[in-house]
Amino acid sequence: MRDAVIVEAVRTPIGKRNGTLAGVHPADLAAVVLEAIADRTAIDPVVVDDVVWGCVSQVGEQTFDIARTAVLSAGWPESVPGVTVDRQCGSSQQALHFAAAGVIAGHYDVVVAGGVESMSRVPMGSAAGEQSPLGTKYARRYSADFPNQGVSAETIAKKWNLSRTQLDEFALQSHERAAHAIDSGAFDEQIVHVPTQDGTKFTRDEGVRRGGTLEALGKLKTPFHSDGVVTAGNASQISDGAAALVITTSEHATLLGLAPIARIHSAAVVGSEPNIMLTGPIPATEKVLRNAGLSLSDIGTFEVNEAFASVALAWLAETGADPALLNPQGGAIALGHPLGGSGARLMTTMVHRMRDKGIRFGLQTMCEGGGQANATIVELL
């Protein structure tokens, strides 16, 4: 039976909104990780059967199938196709699922999965403009009002009885863990340096804030509820970035002379209540563990996207997972959340950590707009 293995995983450093990467076209940013994939594996890109790419705001510079544009921008052969996926924040995690399924089914021998988002150049929500993507039938079932993720994060905090202090403490921990990972060199091998317009190279995640305090976070406004607990300080950062992974079979990896890092053990996707929309990681985790025939105690590390601190803390409360194993190198609150690239960024960070620490199983999950969530379990090889 065919399997699906990850043989390489890379990412750019994550740039702040209007920061260092704001001058880089998203297709060029995506091309950077594709070029790095080819260099690091020494494979001829002509053998790549497809590039499956996540991107959320597919408008302007990110439209016209940015996967294909990135392939050509990277100088890869014209024979290499590309397709762009939108499952909101989980787009590149879903790209990984599609890639793995295609490899296992025999549709592909080698495929690259990943994603990109330049939120500086293509602002979140710009794909819809002033037009609502919700029709009359949706409005009759739910509401004509477009769901607000910040309000959803407040709803989750209230439902799980999460205080402002708990959310802010989690945010501080995310920054502290990310800073330690940067300082210890834990990200060095996974990061690809990005040439910038001024002739320098962008080499480190720039969203991490050092020396934060509860007092400072406590002064931030709560924009969604006047008496709420969700702030910019305990939510994910608006960011720019890209990441990519090479997926093939164990057998084909041997033919290419490549050593697999991890096997895609199990994958799942679920729908959840669309107005709250952010609780999907809880049932997605249950489903992927069930699919895998594993228990929570079998998992040695977790990546749960920090869209908001309340999302990750509610997931912890429901699953009973060890907090020390959750996002041990920080998450989107500190590193940033370049929407379409985040799923691949999380997986890249996780598989490198698994290899560095000898962790057998890792689990990744993330909430998605519209009320969905992906979950993936990978096994170290």
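One can find the structure itself at the top, above this paragraph.
Residues numbered from 1 in each chain as written. Predicted model: local features only at pLDDT ≥ 70, side-chain atom pairs only at ≥ 80, totals over all residues. Heavy atoms only, no water.

1. Describing the pairing of strand β12 (residues 372–380)
Within a regular strand, side chains alternate between the sheet's two faces.
Alright, step 1. Counting buried residues in β12 gives seven out of nine residues, a clear majority hidden from the surface.
Alright, step 2. Where strand β11 (residues 361–368) folds back onto β12 in an antiparallel hairpin, the turn is made up of three residues, including Gly 370, whose phi is positive at roughly 90 degrees. (Buried < 20%, exposed > 50% of the residue type's maximum accessible area, 1.4 Å probe, protein only. Helix = DSSP H or I, 4+ residues; strand = E, 2+ residues; numbered from the N terminus. Pairing = 2+ DSSP bridges.)

2. A word on the environment of Gly 207
Alright, step 1. With respect to the helices and strands, Gly 207 occurs in the loop between β7 (201–202) and α7 (214–217).
Alright, step 2. In this structure Gly 207 comes out as buried when scored by relative accessible area, which is 3%.
Alright, step 3. As for Gly 207 and Leu 172, which are separated by 35 residues in sequence, their C-alpha atoms are 13 Å apart.
Alright, step 4. Sequence-distant contacts of Gly 207, defined by excluding residues within four places in its chain, comprise Ile 14, Lys 16, His 175, Gln 237 and Ala 334. (Contact = heavy atoms within 4.5 Å.)

3. Some points on the packing of helix α6 (residues 164–184) against helix α10 (residues 309–319)
Alright, step 1. With their axes 9 Å apart at the nearest point, α6 and α10 run at an angle of 100 degrees to one another. By the angle between their axes, α6 is roughly perpendicular relative to α10. For the pair α6 and α10, contact is made by Gln 166, Leu 167 and Phe 170 and by Ala 309, Ser 310, Ala 312 and Leu 313, respectively. (Axes fitted to C-alpha atoms, helices over the stretch in contact; angles between N-to-C directions. Parallel < 35°, antiparallel > 145°, perpendicular 65-115°, else oblique.)

4. Details of the pattern of salt bridges
Alright, step 1. Taken as a whole and judged by the stated rule, the model has nine salt bridges.
Alright, step 2. Linking Arg 2 and Asp 109 is a salt bridge whose minimum nitrogen-to-oxygen distance equals 3.2 Å. Of the two residues, Arg 2 sits in the segment before β1 (5–11) while Asp 109 sits in the loop between α3 (91–105) and β5 (110–118), which places them 107 residues apart along the sequence.
Alright, step 3. Among the salt bridges present, the one from Asp 168 reaches Arg 164, with a minimum N-O distance of 3.0 Å. With Asp 168 and Arg 164 both in helix α6, this residue pair falls four residues apart, about one helical turn.
Alright, step 4. Residues joined in a network through salt bridges with shared partners are Arg 263, Arg 360 and Glu 379. (Salt bridge = Lys/Arg side-chain N within 4 Å of Asp/Glu carboxyl O.)

5. Things to note about the nonpolar core
Alright, step 1. In terms of nonpolar packing, the biggest core is built from 44 residues, with Leu 278, Ile 299, Phe 308, Trp 315, Leu 326 and Ile 377 touching the most fellow members.
Alright, step 2. Those elements giving two or more residues to this core turn out to be α5 (149–159), α6, β9 (262–271), α9 (281–292), β10 (301–304), α10, β11 and β12.
Alright, step 3. No other element matches α10, which puts seven residues into this core.
Alright, step 4. Those residues in contact with Leu 278, other than ones at most four positions away along the chain, are Gln 149, Ser 152, Ala 153, Ile 156, Phe 308, Val 311 and Cys 367.
Alright, step 5. By size, the runner-up hydrophobic cluster in this structure holds 38 residues, among which are Val 10, Ala 30, Ala 31 and Val 112. (Core = buried A, V, L, I, M, F, W, Y, C linked by side-chain atoms within 4.5 Å.)

6. Things to note about helix α12 (residues 339–357)
Alright, step 1. Counted at 1.5 Å a residue, the expected span for α12 with its 19 residues is 27 Å, and the 28 Å between its end C-alpha atoms agrees.
Alright, step 2. α12 sits mainly inside the fold: 16 of its 19 residues count as buried.
Alright, step 3. Looking one or two residues past α12, Gly 358 carries a phi angle of roughly 70 degrees, positive in sign. (Expected span 1.5 Å × (residues − 1).)

7. Observations concerning the packing of aromatic side chains
Alright, step 1. Enumeration according to the criterion identifies two aromatic pairs in this entry.
Alright, step 2. The interplanar angle of 45 degrees and the centroid separation of 5.1 Å between the aromatic rings of Tyr 138 and Tyr 142 together place this pair among those described as tilted.
Alright, step 3. We classify Tyr 138 as partly exposed; its relative accessible area is 23%.
Alright, step 4. Residue Tyr 142 is classed as partly exposed on the basis of its relative accessible area of 31%.
Alright, step 5. For the ring pair Phe 302 and Trp 315, a centre distance of 5.2 Å and an interplane angle of 65 degrees mean the geometry is edge-to-face. (Phe/Tyr/Trp six-rings, centres within 6.5 Å; stacked < 30°, edge-to-face > 60°.)

8. Some details on the packing of α3 against α12
Alright, step 1. Interhelical geometry of α3 versus α12 gives an angle of 65 degrees and a closest axis separation of 5 Å. In this structure, α3 contributes Ser 91, Ser 92, Gln 93 and Leu 96 to the contact, and α12 contributes Gly 340, Gly 341, Ser 342, Gly 343, Ala 344 and Met 347.
Alright, step 2. Of the residues that constitute the contact of α3 with α12, the class distribution is three nonpolar, seven polar and no charged. (Nonpolar A, V, L, I, M, F, W, Y, C, P; charged D, E, K, R; others polar.)

Take it as geometry only, folks, not as evidence of what the structure does.
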